[in-house]
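Examining the three-dimensional arrangement
Read off the chains here:
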Amino acid sequence: MKTFRDSEHLLRFALLFAIVFVLFLVVRHFVVPRSFGEYGHYRGAAIAEIAARPIHFAGQSACETCHTDIAATKKAGMHAGVHCEACHGPLASHAANPASVQPPKLDTAVLCVRCHAASAAKPKNFPQVAAAQHSGGLACETCHHPHSPAIQGGGAK
Amino acid sequence: MTLSRRQFLVLVPAAAAAWQYVLAGTPQDAPNYQLTDHWWGMLLDITKCIGCGNCVRACQAENDVPDEYFRTWVERYLRTDWDLTTPEVISPDGGKEGFPTAEEVKNGMYFFVPKMCNHCADSPCTQVCPVGATFITPDGVVLIDQTYCLGCAYCVQACPYGCRYIHPTKHVADKCTLCYHRITKGLTTACCENCPTGARQLVDLKNPNDPIHAFLKTHDVHVLKPEMATGAKAFYNGLDGSVR
Amino acid sequence: MGGVEGYMYPNEINLYWSVLIVVYPYVTGLVAGAFILASLVRIFNVREVAPTYRLALLTALAFLIVAPLPLLLHLGHPERCFEMYFTPHDTSAMAMFGYVYIWYLMAVLLFEIWLDFRQDIILTARSSTGLKRLLYRLLSLGSNNISEHALAVDERAGWIVTLIGIPSAFLLHGYVGFIFGSIKANPWWSSPLMPVVFIFSAMVSGIALVLMVYMFTTRVRGRQIDMPCVDTIAKYLFYIFIIDFVLEMLDLVHRIYVADESFRSISFMVHTKLYFSQIVLQIYVGTLVPLLLLGIIQITRFSPSVRKAIYVVSAALVEVAVLSMRWNVVIGGQLFSKSFLGYTTYKIGLITHEGVFMAAFLTLLPLGILWVLVKILPPWPERKPGFNHARDASTL
């Protein structure tokens with residue numbers, strides 16, 4: 001009994017510890033998100049939330065659904081692999097609402113050289129030109145049709 | 001109502017269904033996507049990259065990436081014949097506006113290397129996150145739960161590839177999501193969608209019909225820093241030994 | 001791009017761990033070091049240093065209270081910090097910090113201080129009135145038992161707590177080293193020696209700090225400095241500092257000799273951006289000078305006043321060395337690209353929330369807390385009442 005009386009104060013400290021711990025467990029129970037641990041050590045609901053972010057590029061197939069004529073032209077030419085929005089920019093809003101959202105007009109002077117300006121760093125088999133000498137200041141689309149750029153037979157588009 | 005009919009026609013069926021749910025605000029109900037049916041990665045073909053910066057711009061447009069930070073960027077290497085391990089590398093503004101014209105070099109070669117999150121299967125960044133705010137999904141994409149992230153930047157330090165940053169206004173970790181909001185709706189990533197040469201291809205290793213399987217049989221494909229043993233899933237075709 | 005040489009990955013140009021993350025291991029190290037000094041008395045029976053025992057414990061507590069603050073302030077979302085407790089990620093060294101910290105604070109340091117000061121607390125409660133009485137009654141947790149046997153129980157329990165405390169102190173600081181040492185992506189950090197180097201430098205810095213605090217407080221109180229006590233502390237400081245220095249040099253020599261792919265980067269860095277903080281401050285001024293001074297004292301006999309002066313100078317230089325070592329690790333590790341092709345510059349702010357003033361404030365704040373603690377629980381040896389292990393030593 002004497003031993004207990006003289007070490008009972010240690011239990012007081014232990015009790016303090018225990019109270020804090022129980023309090024911690026209670027708070028933890030309420031604040032940890034419900035879906036935490038659903039798939040692993042993270043909030044499972046985060047996956048759906050991230051998947052729900054809005055898209056800005058509609059995607060090639062969306063464009064082709066309506067613009068069948070251009071899609072056909074493009075598919076037959078050198079730019080078959082270049083998706084529409086690669087030049088026209090993000091147009092998901094246009095796809096969702098074709099009447100009210102119109103794509104901006106493009107400037108071929110900027111656009112074409114982004115890819116086709118000559119540089120020793122580019123793969124050798126990629127078509128590239130020193131734009132100034134190549135066209136003598138003429139706009140690219142004077143000769144090349146952007147949707148099917150190869151100059152066939154006659155030359156002009 | 002021709003408008004609404006066109007609106008409907010605009011979309012291919014799978015993405016259409018998903019997108020209708022996006023527009024309705026309940027994408028979690030989007031059909032046809034099973035987490036366990038996919039294992040995503042990316043194929044980056046150095047032999048095709050022209051350094052136009054389309055991917056960088058597309059990524060910024062799609063994901064609202066802050067200026068001077070990059071979820072994807074393009075590097076231009078100049079590797080001389082005299083030192084195969086110490087290349088000269090530039091990436092002006094992440095290659096967003098392309099690169100300066102390069103003159104032919106005699107004893108050396110140029111090439112472009114697009115970089116992005118490698119969506120590592122054994123990623124060091126998710127390992128060190130103290131709270132479980134970054135993780136790899138069952139379909140193999142490393143994501144960040146930005147409502148849960150502390151912004152401690154430990155993951156930024158742990159990434160061997162420099163793919164992470166702390167968002168300057170959100171104050172949480174940020175990086176490539178492999179356009180998770182797109183690939184789960186049947187679309188490809190913004191960078192792949194906009195790559196004019198096909199140098200970037202989204203890869204689903206669990207899809208037996210994915211062209212990656214045939215590609216891997218016939219090409220020399222490597223990952224970055226294999227010595228880091230991260231299980232990187234950004235596969236590089238034509239990777240030079242000097243690339244880091 | 002300003003301040004960039006060669007090629008950095010574009011996201012690497014800004015440093016993500018600021019000077020606050022330099023302060024954090026420094027402050028944590030002082031905790032561990034001060035505690036180790038206290039344990040010298042209790043576990044290793046080094047009676048000479050008994051006059052600093054209680055002061056060392058309070059110093060450790062004051063710094064431990066501040067230790068998480070720099071981490072907290074540097075977080076992008078400090079309000080989410082409790083997630084570290086609620087959903088700790090078991091593979092993250094940083095997540096374990098929360099638990100090791102609470103363990104160390106509650107189970108080791110507070111408990112040991114409480115046990116050691118219980119008699120003082122109860123006696124003060126008995127002899128005072130009003131609010132003060134209430135405060136000390138609270139601190140005593142309502143216990144009023146200071147019988148001979150109860151104090152013997154405390155003594156026994158305190159010994160056990162200290163015994164547990166030593167590995168805990170090592171754990172607390174070893175894990176800080178592990179936070180850096182386990183980052184395989186960063187060759188400047190990635191080293192199994194990192195936790196060991198952190199522990200020894202922590203011991204060195206903590207011992208030097210308590211030495212200075214003891215000499216300062218004793219002088220301010222107009223008492224005589226206990227020369228055998230400071231001589232012994234200086235001796236331990238000298239020996240542990242040698243071990244620390246040898247370990248750090250081992251790490252450096254190993255890096256130079258092995259010269260792996262990161263060597264060119266690291267060597268360049270040490271010769272330029274880190275030259276002043278690493279070579280000049282850490283190695284020459286902070287390590288070799290105090291080692292020389294302390295070494296001379298071991299083999300010669302100077303007068304007490306000369307020895308005291310040398311101790312103060314050496315201890316102050318030791319703090320410079322350890323603080324610059326933390327700087328070199330934390331900041332140095334972010335100055336070079338993980339591509340090993342370039343270097344960036346750390347643009348340190350002055351009055352920003354992660355700037356110089358904040359760092360200085362957080363480093364000095366513990367001294368303010370220590371002042372308050374000393375007011376509440378006077379640790380002075382001559383005031384130690386009745387039965388205690390330090391009784392004989394304090395009457396030396």
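On a predicted model such as this, the values are computed, not experimentally measured, just so you know.

Here we take up the overall build of chain C. Secondary structure summary: chain C contains 15 helices and two strands in total. Taken along the three principal axes of its C-alpha coordinates, chain C extends 70 × 55 × 35 Å. Burial status across chain C gives 61% buried among its 396 residues. Sequence-distant contacts, at least 24 apart, represent 80% of the contacts inside chain C between residues at least 6 apart. Carbon and sulfur atoms make up 71% of the accessible area of chain C, which totals about 15,700 Å². Measuring between centres, the 28 positive side-chain charges of chain C sit 8 Å from its 23 negative side-chain charges.

Take the interface of chain B and chain A next. With 57 residues of chain B at the contact, the number on the chain A side is 46 residues. Approximately 4,200 Å² of surface area, both sides summed, lies buried where chain B meets chain A, with 64% of it carried by carbon and sulfur atoms. Counting every contact that joins chain B to chain A gives two salt bridges. The element best represented in the side of chain B that touches chain A is helix α3 (residues 54-63) of chain B, accounting for five residues. Residues of the side of chain B that touches chain A, tallied by class, amount to 30 nonpolar, 14 polar and 13 charged.

On the surface, a cluster of nonpolar side chains totalling about 560 Å² of accessible area is made up of Val22, Leu23, Val26, Val27, Phe30 and Val31 of chain A. Along the chain, the position of Phe30 of chain A falls in helix α1 (residues 2-31).

Bringing the confidence of the model for chain C into the picture now. Residue and element names in this part refer to chain C. Scored by pLDDT, chain C has a mean of 92; 96% of the residues are at 70 or more. Mean pLDDT across the secondary structure elements of chain C bottoms out at helix α15 (residues 391-394), with 40, and peaks at helix α12 (residues 304-330), with 97. Below pLDDT 50 for its whole length, residues 386-396 participates in 19 contacts with residues either more than four positions away or in separate chains.

The next thing to look at is the environment of Ile121 of chain C. All names here are of chain C. Tracing the chain through its elements places Ile121 in helix α5 (residues 93-127). Separated by 44 residues in sequence, Ile121 and His77 have C-alpha atoms that sit 39 Å apart. Apart from the residues within four sequence positions on either side, Ile121 is in contact with Trp114, Tyr136, Leu139, Ser140 and Leu377.

Another point: the interface of chain B and chain C. Size of an interface, as often reported, equals the accessible area lost when the parts are brought together. Facing 48 residues of chain B, the contacting portion of chain C comprises 37 residues. The contact between chain B and chain C buries some 3,500 Å² in all, and 53% of this surface belongs to carbon and sulfur atoms. Put simply, chain B and chain C have 30 residue pairs in polar contact (both at pLDDT 80 or more) between them. Counting only elements with at least two residues in the side of chain B that touches chain C, the list comes to β2 (72-80), β3 (88-90), α4 (124-128), α5 (154-158) and β7 (165-166) of chain B. Within the side of chain B that touches chain C, the residues separate by chemical class into 28 nonpolar, 11 polar and nine charged.

Take the sheet that holds strand β9 (residues 200-204) of chain B next. Residue and element names in this part refer to chain B. The sheet built from four strands is open, its strands ordered β9-β1-β11-β10 with mixed pairing. Taken across any chain shown, the strands that pair with only one partner, and hence form the sheet edges, are β9 and β10 (221-222). Two elements, strand β1 (residues 40-45) and β9, share five bridges in a ladder whose sense is antiparallel. Paired with Gly41 across the bridge in β9 is Val203.

Reading the values: rules and limits
Residues numbered from 1 in each chain as written. Chains lettered and ligands numbered in written order. Predicted model: local features only at pLDDT ≥ 70, side-chain atom pairs only at ≥ 80, totals over all residues. Heavy atoms only, no water. Helix = DSSP H or I, 4+ residues; strand = E, 2+ residues; numbered from the N terminus. Buried < 20%, exposed > 50% of the residue type's maximum accessible area, 1.4 Å probe, protein only. Contact = heavy atoms within 4.5 Å. Areas by Shrake-Rupley, 256 points an atom, 1.4 Å probe, with all protein chains shown as cover. Lys, Arg positive; Asp, Glu negative; His and termini not counted. Charge placed at Lys NZ, Arg CZ, Asp CG, Glu CD. Buried area = accessible area lost by both parts, 1.4 Å probe. Salt bridge = Lys/Arg side-chain N within 4 Å of Asp/Glu carboxyl O. Nonpolar A, V, L, I, M, F, W, Y, C, P; charged D, E, K, R; others polar. Patch = residues over 30% accessible without salt bridge, like charges linked within 9 Å, V, L, I, M, F, W, Y side chains within 5 Å. pLDDT = per-residue confidence, 0-100. Polar contact = N/O pair within 3.5 Å; in protein donor to acceptor, adjacent residues only side chain to side chain. Pairing = 2+ DSSP bridges.

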